[in-house]
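What follows is each chain in one-letter form.
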Amino acid sequence: MATPDVDVVVIGAGMAGTTAARGLADAGLQVAIVESQDRIGGRIFTDHDFAGLPVEQGAEFIHTDHAETLPLAEAAGLDLLFCNPADGYIMQIAGASGPELYADPSLLKLGNVLDDVAGYAGPEQTAGEFLAARHLTGAAWAMADQMLSIHPLGDLHELGMHGLRDDRVVELERGIDHRVAAGYDELPKWLARDLDVRLGWRVAEVRWAPASVTVVRDDAEEITARAVVCTLPIGVLKSNSVRFTPDLPATKWRALNGLEMGAAMKILLRFDEPFWPDDLTMLAVDGPVRLYWTSLYGRVDAPAVLCAYVTGFRARALSVLSDDAAAAVCLADLERIFPGSSASAHLQASKRIDWLTNPDTRGAYSFVRLGGAGSRAALAAPDTGSLFWAGDGSATETIASVVHGAHVTGKRAAAEVLAHLS
Ligand SMILES: Cc1cc2nc3c(=O)[nH]c(=O)nc-3n(C[C@H](O)[C@H](O)[C@H](O)COP(=O)(O)OP(=O)(O)OC[C@H]3O[C@@H](n4cnc5c(N)ncnc54)[C@H](O)[C@@H]3O)c2cc1C
């Protein structure tokens, strides 16, 4: 084979790609990151203009106090803003909140849903079937639904219990969170500092063989390398918009079939003044939006910004509306939750970020479908010669589908490539 252009090509400049490239470059290899978009970060996408302070359009929190990205943020010299979701948390179901909600008799049957998911040892079934067996109604049903299907993004009839357990998403319900004060995108940008990052470089084909690989751009430009790390999101892989030559083995297609990219969108709403309690962190409700939060919580003299976080079938429903119509749904919802607030009259600006229709992700983050347990490990397996796998869809060692999960997969893939090349 002719001398390759570089040692390793990393596809994607998100958290997994920048982590893998950093590890490989630090080990002395010549690495190129190719990225279809014109920015670094992928699903970490900070808006620095909407409110004059960083507001997150994609990933927002460093979840839990043991995330692998916490020491990384410290090494990068990034200040963090602490946000314990247990503080300033309001849940409102069917108009009831606080003591009135928690005295609801339906809650007697709720039990400890999170413990039961974490220790689930029963047969594979959907999360909907798991909950149906508890005969929950009213507020208890709404709370259980909220616990199980806000973070995995799948709807109850799609989520498999084994995957839900293995993905450890219940840890998110108990975790404490941080935001990166300067914007989450500072983290992948710091990892990618001084690396060869080729933005606007959309991969159309990956030709892979045991000891070499050629990555082909959509305009036919090629880069040859001794190995490649693929961090393409599950939605992109499943769409066939990137061709693999030869085709991926059945193990990989089975793995992709066991995973699904869930829908999520954020609608950012900036108001001239807040009409919610000063200490509000999260507002969990039961309308067209199930979660609102205060994007600029913990900042001094910050503009009044709410983020409507919409997932699953609710996100798909809002996805077909215009930006203004989707914002109007949120405003009407907020006027229902805060009667007399005249939310619409106070609105200064809104912005919708729809990850479902984004061609570079084709969804927000992945969940394990019914019967799909083990798919993440099968995708991660280094069983495709010079082609290695990272990205949140292949996360097995941490909570799946989070930034620190993607980070750990990048480290793993870098170690695999180093072993392969040596
Ligand atoms: C709305 C939303 C909220 C979230 N909130 C949180 C949160 O609070 N905390 C948390 O930890 N996680 C959160 N996540 C999940 C987190 O963002 C992801 O798990 C993580 O960022 C994934 O990183 P990655 O590197 O695996 O993938 P990505 O960041 O998607 O990187 C893959 C890259 O590949 C690029 N690409 C795609 N196609 C091509 C192509 N053909 N050629 C070249 N490049 C291509 C993409 O542009 C992208 O940059 C959230 C995600 C979303 C969408």
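Positions within a chain are numbered from 1, following the residues in the order the chain's sequence is written. In keeping with the model being predicted, local features are shown solely for residues with a pLDDT of at least 70 and side-chain atom pairs are shown and tallied solely at 80 or more, while totals for entire chains, interfaces and linings include all residues. The side-chain numbers reported here are obtained from all heavy atoms of the structure, hydrogens and water having been left aside.

(A) Inspection of the overall build of the chain at higher detail. Helix and strand definitions follow DSSP, with helices as H or I runs of at least four residues and strands as E runs of at least two, each counted in order from the N terminus. If you tally the helices and strands in the chain, you get 16 helices and 22 strands. For the chain, the C-alpha radius of gyration of 22 Å lies close to 22 Å, the compact-globule estimate for 422 residues. The C-alpha extent of the chain, read off along each of the three principal axes, is 70 × 50 × 40 Å. Exposed residues in this analysis have more than 50% of their type's maximum accessible area, buried residues have under 20%, and partly exposed residues fall in between, with area computed by a 1.4 Å probe over protein chains only. The proportion of buried residues among the 422 residues of the chain is 59%. Across the chain, contacts joining residues at least 24 apart in sequence account for 74% of those joining residues at least 6 apart. Here the chain contributes 34 positive and 55 negative side-chain charges, whose respective centroids are spaced 5 Å apart. Throughout, radius of gyration means the C-alpha value; the globule benchmark is 2.2 Å times the number of residues raised to the power 0.38. Here a residue-residue contact requires only that any non-hydrogen atoms of the pair lie within 4.5 Å. A positive count includes Lys and Arg, and a negative count includes Asp and Glu. His and the chain ends are not counted in either. Charge positions are represented by NZ for Lys, CZ for Arg, CG for Asp and CD for Glu.

(B) Just helix 12 (residues 312–319), in detail. Within helix 12, the full set of buried residues consists of Gly312, Arg314, Ala315, Leu318 and Ser319. For helix 12, the buried positions fall inside an angular range of 150 degrees around the axis, keeping them on one side. Tucked into the core, helix 12 has its buried residues touching strand 16 (264–271), strand 19 (304–311), helix 13 (323–337) and strand 20 (347–354). By arc we mean the arc of the directions from the helix axis to the C-beta atoms, nothing more.

(C) Geometry of the site of the ligand. Near residues are defined by distance, with any heavy atom within 4 Å of the molecule or strand qualifying the residue. Near the ligand, the surroundings consist of 36 residues, among which Glu35, Gln37, Arg43, Asp392 and Val403 are the closest. Contacts described as polar in this section are N or O atom pairs within 3.5 Å, which, within protein, must combine one atom able to donate a hydrogen with one able to accept it, while residues neighboring in sequence count only if both atoms come from side chains. The separation between a nitrogen atom of the ligand and a polar main-chain atom of serine 36 is 3.2 Å. Measuring from an oxygen atom of the ligand, one finds a side-chain N or O atom of glutamine 37 at 2.7 Å. Using a 1.4 Å probe, accessible areas were evaluated by the Shrake-Rupley method; residue-level cover was limited to the displayed protein chains. When the ligand sits alone it has 1,000 Å² of accessible area, and the protein chains cover 98% of it. For the shell around the ligand, the elements supplying multiple residues, two or more each, are helix 1 (15–26), strand 2 (31–35) and helix 16 (403–421). Residue composition of the shell around the ligand, grouped by class: 19 nonpolar, eleven polar and six charged. Domain delimitation in this document rests on an assignment produced automatically or drawn from a domain database. Of the domains in this structure, domain 1 (6–43 + 185–259 + 368–421) and domain 2 (46–85 + 176–184 + 264–354) are the two that each give at least three residues to the shell around the ligand. Polar here means any residue outside two lists: the nonpolar Ala, Val, Leu, Ile, Met, Phe, Trp, Tyr, Cys and Pro, and the charged Asp, Glu, Lys and Arg; Gly therefore counts as polar.

(D) Seen up close, the domain arrangement of the chain. According to the domain assignment, the chain contains domain 1 (6–43 + 185–259 + 368–421), domain 2 (46–85 + 176–184 + 264–354) and domain 3 (89–174). Here the C-alpha centroids of domain 2 and domain 3 sit 23 Å apart. Counting each side, the surface lost to burial between domain 2 and domain 3 is near 1,600 Å², with a carbon and sulfur contribution of 49%. Every case where a carboxyl oxygen of Asp or Glu lies within 4 Å of a side-chain nitrogen of Lys or Arg is listed as a salt bridge. The interface formed by domain 2 and domain 3 contains two salt bridges. We define buried area as the total accessible area lost by two parts upon association, computed with a 1.4 Å probe and summed across both.

(E) Region of the structure containing the packing of aromatic side chains. Stacked, edge-to-face and tilted labels apply to pairs of Phe, Tyr and Trp rings (six-membered ring for Trp) whose centres lie within 6.5 Å, assigned for plane angles under 30 degrees, over 60, and everything in between, in that order. Following the criterion strictly, the structure yields eight aromatic pairs and no others. Ring geometry for phenylalanine 61 against tryptophan 293: centres 5.3 Å apart, planes inclined by 70 degrees, an arrangement best described as edge-to-face. Here phenylalanine 61, found in the loop between strand 4 (55–56) and strand 5 (62–63), pairs with tryptophan 293, found in strand 18 (residues 291–294); they are 232 residues apart in sequence, far enough to count as distant. We classify phenylalanine 61 as buried; its relative accessible area is 7%. Here the aromatic rings of phenylalanine 271 and phenylalanine 275 are separated by 4.9 Å at their centres, their planes lie at 80 degrees, and the arrangement is edge-to-face. For the pair phenylalanine 271 and phenylalanine 275, a shared accessibility class is recorded, and that class is buried. Grouping aromatic residues by their ring pairs yields a cluster made of Phe271, Phe275, Trp276 and Phe338.

(F) Main features of the packing of helix 1 against helix 16. With their axes 7 Å apart at the nearest point, helix 1 and helix 16 run at an angle of 35 degrees to one another. Crossing of helix 1 against helix 16: the hand is right-handed. Residues Met15, Ala16, Thr19, Ala20 and Leu24 of helix 1 touch helix 16, and the partners they reach there are Val403, Ala406, His407, Thr409, Gly410, Lys411, Ala414, Val417 and Leu418. For the contact of helix 1 with helix 16, the per-class residue count stands at nine nonpolar, four polar and one charged. The axes are straight lines fitted to the C-alpha atoms, using for helices just the contacting stretch, and the angles between their N-to-C directions are given from 0 to 180°. Crossing handedness: left-handed means the near helix sits turned counterclockwise from the far one by under a right angle, and right-handed means the same turn made clockwise.

(G) Spotlight on the sheet that holds strand 17 (residues 282–284). When DSSP finds two or more bridges between two strands, those strands count as paired. Pairing is mixed across the open sheet formed by seven strands, whose spatial order is 8-7-17-18-19-16-20. In this open sheet, the two strands that pair with only one neighbour each are strand 8 (96–97) and strand 20. Relative to strand 19, strand 18 is paired through four bridges, and the arrangement is antiparallel. The partner of threonine 294 across the bridge, within strand 19, is leucine 306.

(H) Molecular detail of helix 13. Take the number of residues in a helix, subtract one, and multiply by 1.5 Å to get its expected span. Its 15 residues give helix 13 an end-to-end C-alpha distance of 21 Å, which sits within 8% of 21 Å, the value for a rise of 1.5 Å per residue. Looking only at helix 13, the buried set comprises Ala326, Ala327, Cys330, Leu331, Asp333, Leu334 and Ile337. In a view along the axis of helix 13, the buried residues occupy a sector of 160 degrees, so they form one face of it.

(I) Spotlight on the nonpolar core. Leu110, Val113, Val117, Phe130, Leu131, Leu148 and Tyr309 are the most contacted members of the largest nonpolar core, which has 51 residues in total. If near-sequence neighbours (up to four positions away) are discounted, phenylalanine 130 is found in contact with Val113, Asp116, Val117, Tyr120, Gln125, Leu148 and Met161. The term nonpolar core refers to a set of buried residues drawn from Ala, Val, Leu, Ile, Met, Phe, Trp, Tyr and Cys, joined through side-chain atoms within 4.5 Å.

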